[in-house]
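If you want the building blocks of each chain, they are given just below.
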Amino acid sequence: MIRVQREDFDLGEELRALSAGDHGIGGVASFVGLVRDMAGGEKVGAMMLEHYPGMTEKMLGRIEAEALERWPLNASLIIHRYGRLEPGDQIVLVATASPHREAALESCHFLIDWLKTKAPFWKLEDTPDGGQWVDARDSDGDAAARWIKQPTSE
Amino acid sequence: MIRVQREDFDLGEELRALSAGDHGIGGVASFVGLVRDMAGGEKVGAMMLEHYPGMTEKMLGRIEAEALERWPLNASLIIHRYGRLEPGDQIVLVATASPHREAALESCHFLIDWLKTKAPFWKLEDTPDGGQWVDARDSDGDAAARWIKQPTSE
Amino acid sequence: MKLLYFAWLKTKTGVSEETVSPPEEVKTVADLLGWIKQRGPGFEDALADIEALRVAVNQEYAEMTDPVSAGDEVALFPPVTGG
Amino acid sequence: MKLLYFAWLKTKTGVSEETVSPPEEVKTVADLLGWIKQRGPGFEDALADIEALRVAVNQEYAEMTDPVSAGDEVALFPPVTGG
């Protein structure tokens, strides 16, 4: 399931709902991204998270479908917020449930790495020097590239 | 922090407490292990989780210390239950908080892999054929082995 | 054709959304960017470094050589920074 | 010396904890296992496959060649299956 929303979410409730009633699930892996008060050594106040309505949902849906195809998952969830966020606020949640520990952990890692380079979101941070658009980081591209499937010699 | 307990835990509350008040945290990764109702193709009822009081705490403390040494973590948590557990019950929680996404995700993965092969717990499953001690899996040893540090040529 | 601008592209162009009718010679993404660029100093500034841009046609990431046509929704934005 | 047995080692020996005084010749983990094994059929059965056992001395994983002495707490158990 994917959700793009302005409102905050209840982490415990979301994770509970993900595995509720399915006793075939052996593990639930999750990652929550939070707004940090520091960026590149500079103090950050709030930030504005802009997105591309329509394309965001399309890309998140595709990222999730890719994970469901690659790993044996009983359930998965991506929640991404937009709008004004303060330090300490939750930005994003990715969570996966699987019979198998490794599948849950790997697919969770995949989802957040993949999302970072594909989902159309942009961060405008309040800094002492005014609003600063956050630059994409090469390390995010590298992290996502790890998950590119190598062609197999079939 | 490590805790070995018979009682259940509130996942949302534990994760919230892990990052509360620290706005330097950019990500919280977690893994929750649940009791499955299937094992090796056989229907499982409840299970009894036995442990070695004293050594368990010692090993979990050491596993956590190893993660704190290897990754830049603001906080970490391991909760492991023992006693009688039913399908769907939470067995274990590992969670890590870091300024950096990769550090949180990797250290969380490390903690559960490492714990699986080092923490002195044993599972006795109720099956239609009576109580069955669960065998250790080679795949757990392989998963843990990935995290053994290679000697560096210093 | 509908054009959308996000993040600093919106700031520099001063436009978030507009409906345009480029001339017939505009057949690809590269053609379209060239055409937008000559529409004024704000556009020229925003599109100065094509390498720093990402383009989506009908909400799909597109290459410079991909075709564009009258009914398309084309979005211009910097590399994404969500998560 | 305190001995602890866990999981199916406890089931097979019928003992979870005992205090023993092995003879002086018992100087290593291997010596100790050999001594325990000859104490009766339950012990012999439980310790039949030494490869399937793990041993902790004073709550630290130990090798066959590690020393054991009078005041030690020695635990015998199968490979762990927590998590």
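Our structure is the block above this text.
Residues numbered from 1 in each chain as written. Chains lettered and ligands numbered in written order. Predicted model: local features only at pLDDT ≥ 70, side-chain atom pairs only at ≥ 80, totals over all residues. Heavy atoms only, no water.

Turning next to the overall build of chain C. The helix and strand tally for chain C stands at 3 helices and 5 strands. Put simply, chain C runs from its N terminus to its C terminus through helices and strands in the order β-α-β-α-α-β-β-β. The dimensions of chain C, computed from C-alpha atoms along their principal axes, are 35 × 30 × 20 Å. For chain C, with 83 residues in total, the buried portion stands at 48%. Sequence-distant contacts, at least 24 apart, represent 54% of the contacts inside chain C between residues at least 6 apart. (Helix = DSSP H or I, 4+ residues; strand = E, 2+ residues; numbered from the N terminus. Buried < 20%, exposed > 50% of the residue type's maximum accessible area, 1.4 Å probe, protein only. Contact = heavy atoms within 4.5 Å.)

Turning our attention to the packing of helix α3 (residues 101–118) of chain A against helix α3 (residues 101–118) of chain B. Running from N to C, α3(A) and α3(B) cross one another at 175°; their axes reach a closest spacing of 11 Å. Here α3(A) lies roughly antiparallel to α3(B), going by the angle between them. On the side of α3(A), the interface is formed by Arg101(A), Glu102(A), Leu105(A), Glu106(A), Cys108(A), His109(A), Ile112(A), Asp113(A) and Lys116(A), while α3(B) contributes Arg101(B), Glu102(B), Leu105(B), Glu106(B), Cys108(B), His109(B), Ile112(B), Asp113(B) and Lys116(B). (Axes fitted to C-alpha atoms, helices over the stretch in contact; angles between N-to-C directions. Parallel < 35°, antiparallel > 145°, perpendicular 65-115°, else oblique.)

Here we come to the pattern of salt bridges. All names here are of chain C. Counted by the stated rule, this structure contains 37 salt bridges over all chains. Lys2 is the partner of Glu73 in a salt bridge, and the nearest nitrogen-oxygen pair spans 3.8 Å. Highlighted residues: Glu73 in strand β5 (residues 73–77) and Lys2 in strand β1 (residues 2–5), separated in sequence by 71 residues. Residue Glu73 is classed as buried on the basis of its relative accessible area of 16%. Residue Lys2 is classed as partly exposed on the basis of its relative accessible area, which comes to 31%. (Salt bridge = Lys/Arg side-chain N within 4 Å of Asp/Glu carboxyl O.)

Further remarks concern the relation of the copies chain B and chain A. Superposing chain B onto chain A takes a rotation of 180° combined with a translation of 0.0 Å along the rotation axis, leaving an RMSD of 0.0 Å. What we have between these two chains is a two-fold relation. Across chain B, the smallest distance between a C-alpha and the rotation axis is recorded for Gly12(B), namely 1.7 Å. Both copies contact each other with a shared surface, as 100% of the interface residues of chain B are interface residues in chain A too. (Least-squares fit on C-alpha atoms with pLDDT ≥ 70 in both.)

Attention now moves to the sheet that holds strand β3 (residues 54–57) of chain D. One open sheet holds the 5 strands; their spatial order is β2-β1-β5-β3-β4 (chain D), and the pairing between them is mixed. Sheet topology places β2 (17–19) and β4 (60–62) of chain D at the edges, where each strand pairs with a single neighbour. The mean angle between the axes of side-by-side strands here comes to 25°, regardless of whether they run parallel or antiparallel. As judged from the 3 bridges shared by β3(D) and β4(D), these two strands associate in the antiparallel manner. Looking across to β4(D), one finds that Ala56(D) is bridged to Tyr61(D). Helix α2 (residues 55–70) of chain B contacts β3, β4 and β5 (73–77) of chain D of the sheet and is inclined by roughly 95° relative to β4(D). (Pairing = 2+ DSSP bridges.)

What follows is about the sheet that holds β1(C). Residues and elements named next belong to chain C. Across the sheet, 5 strands lie side by side as β2-β1-β5-β3-β4; this open sheet has mixed pairing. The strands lining the two open edges of the sheet, one partner per strand, are β2 (17–19) and β4 (60–62). Across this sheet, the average inter-strand angle for adjacent strands is 25°, counted without regard to direction. By the bridge criterion, 4 bridges tie β1 to β5 in an arrangement that is parallel. Pairing of Leu3 across the sheet is with Val74, part of β5.

For the rest of this paragraph, the subject is the packing of aromatic side chains. Applying the stated criterion across every chain, the model contains 22 aromatic pairs over all chains. Seen from their ring centres, Tyr52(B) and Phe6(D) are 4.7 Å apart, and the 35° between their planes marks the pair as tilted. Remark: Phe6(D) occurs in the loop between β1 (2–5) and α1 (8–13) and Tyr52(B) occurs in the loop between β5 (47–51) and α2; the pair is interchain, linking two chains. With respect to class, Tyr52(B) is no different from Phe6(D); both count as buried. For the pair Tyr52(B) and Phe77(D), a centre-to-centre distance of 6.4 Å together with 70° between the ring planes defines the contact as edge-to-face. Here Tyr52(B) is found in the loop between β5 and α2, whereas its partner Phe77(D) is found in strand β5 on a different chain. Here the two residues Tyr52(B) and Phe77(D) agree in accessibility, since each one is buried. Ring pairs connect the aromatic residues Tyr52(A), Trp122(A), Phe6(C), Tyr61(C) and Phe77(C), which therefore count as one cluster. (Phe/Tyr/Trp six-rings, centres within 6.5 Å; stacked < 30°, edge-to-face > 60°.)

Another aspect to go through is the arrangement of the chains. Across the 3 pairs of chains that are in contact, the largest number of contacts falls between chains A and B. Spatially, chain B is disjoint from chain C: no contact exists, and the shortest C-alpha separation is 10 Å. Nothing in chain C touches chain D, and the closest approach of their C-alpha atoms is 29 Å.

Our next topic: the interface of chain B and chain A. With 37 residues of chain B in contact, the opposing surface of chain A contributes 37 residues. Of all residues in chain B, His23(B), Arg36(B) and Arg101(B) give up the largest surface area on contact with chain A, accounting jointly for 24% of the area buried on that side. Scanning the region where chain B abuts chain A turns up 6 salt bridges. Residues Asp113(A) and Arg101(B) are paired through a salt bridge, measuring 3.0 Å at the closest nitrogen-oxygen approach. Inspection of the chain B/chain A interface yields 14 residue pairs in polar contact (both at pLDDT 80 or more). Only α1 (11–19), β2 (27–34), α3 and α4 (138–145) of chain B provide two or more residues apiece to the side of chain B that touches chain A. Considering every element that reaches the side of chain B that touches chain A, the biggest residue donor is α3(B), with 10 residues. In terms of residue class, the side of chain B that touches chain A is built from 16 nonpolar, 11 polar and 10 charged. (Buried area = accessible area lost by both parts, 1.4 Å probe. Polar contact = N/O pair within 3.5 Å; in protein donor to acceptor, adjacent residues only side chain to side chain. Nonpolar A, V, L, I, M, F, W, Y, C, P; charged D, E, K, R; others polar.)

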